Amino acid sequence: MKIRACLLSASLILTMATTACSSEASAQGVEAAGISTPMPLPIFVNIPASRTLRILTCCDSITVGVDGSSYRDELAALLKPRGIEVVWIVAAVPGTPCTEWAPKVKDLIVANRPDILLLNCGTNDVVLSQAQLRFFATTYAQMINDVRAAGVKLAVSKLQISRVSEQPTLQWLPANEAKINNVIDRASKFYGDVGLADMSTIPATPENTTDGVHPSQLGEQQYANAWLAA
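The notes below deal with the structure included here. Since the structure is predicted, the reported quantities are computational estimates derived from the model, not experimental observations.

## With respect to the overall build of the protein chain
Helix and strand content of the protein chain: eight helices and five strands. Within the protein chain, the proportion of its 230 residues that are buried is 41%. Here the analysis covers contacts within the protein chain between residues at least 6 apart in sequence; of these, 78% occur between residues at least 24 apart. As displayed, the protein chain has an accessible area near 13,000 Å², and 60% of this comes from carbon and sulfur atoms.

## Focus: the environment of Val 127
Within the secondary structure, Val 127 is located in the loop between strand 3 (116-120) and helix 6 (130-149). In this structure the C-alpha to C-alpha distance between Val 127 and Ile 180, which are 53 residues apart in sequence, comes to 7.7 Å.

## Some details on the pairing of strand 1 (residues 51-59)
Both faces of the sheet carry side chains from a regular strand, because those side chains alternate between them. Across seven bridges, the pairing between strand 1 and strand 2 (residues 84-90) is parallel. Looking across to strand 2, one finds that Leu 53 is bridged to Val 86. Across five bridges, the pairing between strand 1 and strand 3 is parallel. In the strand pairing of strand 3, Ile 55 is matched with Ile 116.

## Observations concerning the layout of surface pockets
Taken as a whole, the largest pocket encloses approximately 280 Å³ of empty space. Going through the elements one at a time, strand 1, helix 3 (71-79), strand 3, strand 4 (153-158) and helix 8 (217-229) are the ones with two or more residues in the lining of the largest pocket. The leading source of residues in the lining of the largest pocket is strand 1, at three residues. The residue inventory of the lining of the largest pocket, partitioned by class, reads twelve nonpolar, one polar and two charged.

## A word on the packing of helix 5 (residues 105-112) against helix 6
Direction vectors running N to C along helix 5 and helix 6 enclose 25°, while the axes themselves pass 9 Å from each other. The angle between helix 5 and helix 6 falls in the class roughly parallel. Two packed elements cross with a definite hand, and for helix 5 against helix 6 that hand is right-handed. Seen from helix 5, the contacting residues are Val 105, Lys 106 and Ile 109; seen from helix 6, they are Met 143, Asp 146 and Val 147. Of the residues contributing to the contact of helix 5 with helix 6, the split by class is four nonpolar, no polar and two charged.

## Points about helix 6
Across its 20 residues, helix 6 extends 28 Å between first and last C-alpha, which sits within 8% of the 28 Å expected from 1.5 Å per residue. Every buried residue of helix 6 is accounted for by Leu 133, Phe 136, Thr 139, Tyr 140, Met 143, Ile 144, Asp 146 and Val 147. Down the axis of helix 6, the buried side of the element spans an arc of 160°, and every buried residue falls inside it. Opposite its buried face, helix 6 presents the exposed residues Gln 130, Arg 134, Phe 135, Thr 138 and Ala 149, each directed more than 90 degrees away. Just past helix 6, the residue Gly 151 takes up positive phi, approximately 80°.

Reading the values: the criteria
Residues numbered from 1 in each chain as written. Predicted model: local features only at pLDDT ≥ 70, side-chain atom pairs only at ≥ 80, totals over all residues. Heavy atoms only, no water. Helix = DSSP H or I, 4+ residues; strand = E, 2+ residues; numbered from the N terminus. Buried < 20%, exposed > 50% of the residue type's maximum accessible area, 1.4 Å probe, protein only. Contact = heavy atoms within 4.5 Å. Areas by Shrake-Rupley, 256 points an atom, 1.4 Å probe, with all protein chains shown as cover. Pairing = 2+ DSSP bridges. 1 Å grid on protein atoms, 1.4 Å probe; cavity = no way out; pocket = protein on both sides within 12 Å on 5 of 7 lines; lining within 4 Å. Points joined across faces, edges and corners; volume = space filled by probe spheres on them. Nonpolar A, V, L, I, M, F, W, Y, C, P; charged D, E, K, R; others polar. Axes fitted to C-alpha atoms, helices over the stretch in contact; angles between N-to-C directions. Parallel < 35°, antiparallel > 145°, perpendicular 65-115°, else oblique. Left-handed = near helix turned anticlockwise from the far one by under 90°. Expected span 1.5 Å × (residues − 1). Arc of directions from axis to C-beta.

Laid out in structure tokens, this is it:
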């Protein structure tokens, strides 16, 4: 905004100076033969400066993507018109829980130097008991602390609830996911500078998720929209 304001001020000053000089020359009867009337400098508005962001994504099969499709493709397409090119860094293994990645976050940041980390995990974490739920909450908070301490911008996501109403056989772990979403919601709001992508609002329909957990191509677009909003 400061650069744009400087350009605007410079343009106005030069335009006023040109007009003043032209008027003075006419008053003195000086002919500017062969010189066209100066035009005001153009003012460029809403043209974003192109830049590159290194975005690290973590952690499980939803981040990996299915059949070569991932929300990364759709998110990159949404960011490009905004003047942002993305270098993707993928740290994800199908079936892995948040608690497995927590000790690795610091090293991942040091090794990859991301500008932003998108954290999507929890579906594979087990929180059947209160002790397990407390362990998950402590571990998740530590991940957030480690990312923030490294100076990396962070966005986390609540889980899409794996309940497909039209196909009861595709009901996976909705009780587990609901408990974890409560932890993620509280943790993200506690800090005030952590983005929250709410995947739990994405309907679990056969069109959005063919197997009850992993988003389809249509679902990936909705994931991308949620990340962009965060």
